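Architecture at a glance
So you can see what is in the structure, the chains are spelled out below.
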Amino acid sequence: MAGSPAAVVSAGALAGVLAFLKDDPETGFAFLMDLAAADYLKFPSPRPGRFAVSYQLYSPKLGARLCVKAYLPAENPSLPTASGLWAGADWFEREAWDMYGIRFEGHPNLKRILMYEEFEGHALRKDYPLGRMQPLVPMRDAIDYEKVRQQSRRASNPS
Amino acid sequence: MPLGLEQKDPAAARAGEDEFRIEPTAINMGPSHPAMHGTIRLMLKLDGEKVVWADVEIGYLHRAFEKTVEHKTWNQAVPYTDRLNYCSPLINNVGYALAVEKLLGVEAPERCQYIRVIMSELSRVADHLTCIGASAMEMGAFTAFLYFIKAREYIWQLIEEVTGARLTISYTRVGGVTKDLPLNFGERFAFVAGKTREALAEVDALLSRNRIFLDRTRGVGVMPADRAVQYGFTGPMLRASGVDYDVRRNFPYLVYDRLRFEVPVATEGDNYARYRVRLEEMRQSLSIVEQALEGMPEGPVNVADPRVALPDKKDVYTNIEALMNHFKLLMPGHGIRPPAGEVYQAVEGANGELGFWVISDGSDRPYRVRVRPPCFALMSGLEEMIVGGQVADVIATFGSVNMIAGELDR
């Protein structure tokens, strides 16, 4: 295989590995530069799982980058969330959920981010056809008052 | 029913509680709003003029870039990258080309690398001019906007002379660039640099010590260094918070390691610090271009590898090998075919680290192209920067983020 090296970690060990890489004073990977998923459904050579999530880390202390990668099965792909370690993981994980349907357990607000809530399927999966039509959705109010109310309740009682 | 008009509980009103308390007002900004460059929606809850809660909603400019390029050949993806950050499209072109070249294991010729540096830095200047100009205008400083947009116009004219287009330039190809610089580029650049420096000096004099501008920007939209790192901020926003990280210096690509430039860093992390950092970065970029023009060697601008670069048109029409080569590169199912594998290539975009995570399955089309847009991390931190501030400062802070919906939503 050509290209950049990646450390492949099992999905079960991922949370521990990421926490170590970030918090250990010798490694200090303080930046999560990117978190992205891929679907290997139509990849010619076999992979350990259908989906993969890659974490691009950067350590200012070592001046080094590291790619950590976990493969996931086709059925119910899920990973523990990294949003407790890096605040930036919140949106990246929402995008991976939106586009690939990968669940991040413990994520505070795992909703679609680029597509709308009524969108059916996950657009970047390899079995999602390029020209598929989506059903029309009813028109909504400019302000989603129900959402604002719920959110402010959550903001006032963080429990 | 709007929140502000909610019926009060009569029992509570009788007890004298909350009689003079005003319910927070919910307002909606965008997605179509003159100050929301591109399209983004902010839902805010205001207590008087203070923002007590905010929700950032993106995705209004999503056009399936990543899905589309999976169905195009490697070079056909280049025009789509123009539309990512449409304020500095050349940097996207360069980042994508570098990622694919890394997969292929080829390196563009030296002259091409210098040209890519020159064009990237010109784009960076144009991008920062737009950002400062637009955000100053939103705070009422219309003159700064006019001066900067005029300077940007000179840069765009220069870019047009090189690439043939102002915005949708598609200048790079895998293994090179479409055409060499025009013969009088040096003179033309000297003129443009002079005009840009004039505008920089004028706007510096107009804004940097301007009472109103200082009041609107100092201490507003503060992002402390540790939170900026948590969110994965990069580029001018991160450096304004006091973290010294620049891809061009920390992970040099092209010929940046041969050029001398400083990476401006501020510590305050507010809108004013971002303005200062961007202003200084433009001066550095102009100096980088001058150095690159001096050091640029003569030579070809495309790799000589027949598996990657198209042969000269003159040869295509006159000899059979070049004609076959031409067809081998353009026929469906042939073309450029990087070996199976994946790379992550980062370049310093105008807003920060622009990363391409590219996977190849060995065919003539990308298996997956993931773009790490710098704005995405920045926008996820916007909520934290605006909550607790005034509603009028939302626009000032949002302007300093320099969100580009094209790369944010892809």
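Shown above is the structure to which this text applies.
Computed from a predicted model, the values in this text were never measured in an experiment. (Residues numbered from 1 in each chain as written. Chains lettered and ligands numbered in written order. Predicted model: local features only at pLDDT ≥ 70, side-chain atom pairs only at ≥ 80, totals over all residues.)

The number of helices and strands found in chain A is 3 helices and 7 strands. Counting every position in chain A, which comprises 159 residues, the buried fraction comes to 34%. A separation threshold of at least 6 residues defines the contact pool for chain A, and within that pool the share at least 24 residues apart is 53%. (Helix = DSSP H or I, 4+ residues; strand = E, 2+ residues; numbered from the N terminus. Buried ≥ 20, exposed ≤ 12 C-beta atoms within 10 Å, placed from the backbone. Contact = placed C-beta atoms within 7 Å.)

Turning our attention to the overall build of chain B. Scanning chain B from N- to C-terminus turns up 18 helices and 8 strands. For 410 residues, the compact-globule estimate of 2.2 N^0.38 gives 22 Å, and chain B sits close to it at 24 Å. Its C-alpha atoms give chain B principal-axis dimensions of about 95 × 45 × 30 Å. A burial count over chain B gives 50% of its 410 residues as buried. The contacts in chain B between residues at least 6 apart in sequence include a share of 69% that link residues at least 24 apart. (Rg over C-alpha atoms; globule rule 2.2 N^0.38 Å.)

Interfaces are often described in size by the accessible area the parts lose on coming together. Each partner contributes to the interface: chain A provides 37 residues, whereas chain B provides 44 residues. Elements supplying a minimum of two residues to the side of chain A that touches chain B: strand S1 (2-3), strand S3 (31-39), strand S4 (51-59), helix H2 (89-100) and helix H3 (145-156) of chain A. A per-element tally of the side of chain A that touches chain B places S3(A) first, with 6 residues. When the residues that make up the side of chain A that touches chain B are grouped by side-chain class, the tally is 26 nonpolar, 9 polar and 2 charged. (Nonpolar A, V, L, I, M, F, W, Y, C, P; charged D, E, K, R; others polar.)

Let us now look at the nonpolar core. In terms of nonpolar packing, the biggest core is built from 162 residues, with A:Ala37, A:Val53, A:Ala96 and A:Ile102 touching the most fellow members. If you tally residues by element for this core, the top one is helix H5 (residues 110-138) of chain B, at 13 residues. Apart from residues lying up to four places away in sequence, A:Ile102 is in contact with A:Ala37, A:Phe51, A:Val53, A:Leu72, A:Pro77, A:Ser78, A:Leu79, A:Ala96 and A:Trp97. (Core = buried A, V, L, I, M, F, W, Y, C linked by C-beta atoms within 7 Å.)

Looking now at the pairing of strand S7 (residues 352-360) of chain B. All names here are of chain B. Among the 9 residues in S7, 9 count as buried, and that is most of the element. Both strand S6 (residues 341-349) and S7 contribute to a ladder of 9 bridges, which runs antiparallel. The residue bridging Val343 from the neighbouring strand is Val358, located in S7. What sits between the antiparallel neighbours S6 and S7 is a turn of 2 residues. (Pairing = 2+ DSSP bridges.)

It is worth spelling out the sheet that holds strand S1 (residues 25-29) of chain B at this point. Residue and element names in this part refer to chain B. On the basis of which strands lie adjacent, the open sheet formed by 3 strands has the order S1-S2-S3 and antiparallel pairing. Since the sheet does not close on itself, it has two edges, and those belong to S1 and strand S3 (50-57), each with one partner. Direction aside, neighbouring strands of the sheet carry axes that sit 20° apart on average. (Axes fitted to C-alpha atoms, helices over the stretch in contact; angles between N-to-C directions.)

This part is about the sheet that holds S4(A). All names here are of chain A. Here 4 strands make up an open sheet; going across it, the order is S2-S5-S4-S3 and the pairing mixed. Strands at the two margins of the open sheet, each flanked by one partner only, are strand S2 (7-8) and S3. By the bridge criterion, 2 bridges tie S2 to strand S5 (residues 64-72) in an arrangement that is parallel. If you follow Val8 over to S5, its bridge partner there is Lys69. Where H2 meets the sheet, it contacts S3 and S4, and its direction lies at approximately 5° from that of S3.

In this section: the environment of B:Tyr275. Residues and elements named next belong to chain B. Within the secondary structure layout, Tyr275 lies in helix H12 (residues 271-295). When the C-alpha positions of Tyr275 and Asp204 are compared, they lie 10.0 Å apart, and in sequence the two are 71 residues distant. Aside from chain neighbours lying at most four places away, what touches Tyr275 is Ile132 and Thr217.

Once that is clear, we can look at the packing of helix H6 (residues 142-163) of chain B against helix H7 (residues 185-207) of chain B. Residues and elements named next belong to chain B. At a minimum axis separation of 9 Å, H6 and H7 run at an interaxial angle of 165°. Overall, the two elements H6 and H7 adopt an arrangement that is roughly antiparallel. Both H6 and H7 take part in a crossing whose hand is left-handed. On H7, the residues touching Thr143, Ala144, Tyr147, Phe148, Lys150, Ala151, Tyr154, Ile155, Leu158, Glu161 and Val162 of H6 are Phe185, Arg188, Phe189, Val192, Lys195, Thr196, Ala199, Glu202, Val203, Leu206 and Leu207. (Parallel < 35°, antiparallel > 145°, perpendicular 65-115°, else oblique. Left-handed = near helix turned anticlockwise from the far one by under 90°.)

Residues and elements named next belong to chain B. Among the structural elements, Asp226 can be located in helix H9 (residues 225-230). Owing to 11 C-beta atoms within 10 Å, Asp226 belongs among the exposed residues under this scheme. In sequence terms Asp226 and Gly242 are 16 residues apart; their C-alpha atoms lie 9.5 Å from each other.

Okay, unusual backbone geometry next. Of note, A:Asn76 is a non-glycine position whose phi angle comes to about 45°, a positive value. With respect to the helices, strands and loops of the structure, A:Asn76 is situated in the loop between S5 and strand S6 (78-80). We classify A:Asn76 as exposed; it has 9 C-beta atoms within 10 Å. The phi dihedral of B:Ser170 is positive, around 40°, even though this residue is not glycine. Along the chain, the position of B:Ser170 falls in the loop between H6 and strand S4 (172-173).

This paragraph deals with the pairing of S5(A). As paired elements, S4(A) and S5(A) share 9 bridges and run antiparallel to each other. Residue A:Tyr58 lies in a different strand from S5(A), and its bridge partner there is A:Arg65.

With that settled, consider the packing of H5(B) against H6(B). Residue and element names in this part refer to chain B. Contact geometry for H5 and H6: axes closest at 8 Å, N-to-C directions at 160°. On the basis of the axis angle, H5 is roughly antiparallel to H6. Viewed along their axes, H5 and H6 form a crossing whose handedness is left-handed. Between H5 and H6, the residues in contact are Met119, Leu122, Val125, Ala126, Leu129, Thr130, Ile132, Gly133, Ala134, Ala136 and Met137 and Phe142, Ala144, Phe145, Phe148, Ile149, Ala151, Arg152, Ile155, Trp156, Leu158, Ile159 and Val162, respectively. For the contact of H5 with H6, the residue count by class is 20 nonpolar, 2 polar and 1 charged.

Moving on, we come to helix H4 (residues 89-104) of chain B. Residues and elements named next belong to chain B. Given a rise of 1.5 Å per residue, 16 residues ought to cover 22 Å, and the 23 Å separating the end C-alpha atoms of H4 matches this to within 8%. Within H4, 16 of the 16 residues are buried, leaving the element largely enclosed by the surrounding structure. Gly105 occupies a position one or two residues after H4 and carries a positive phi of about 75°. (Expected span 1.5 Å × (residues − 1).)

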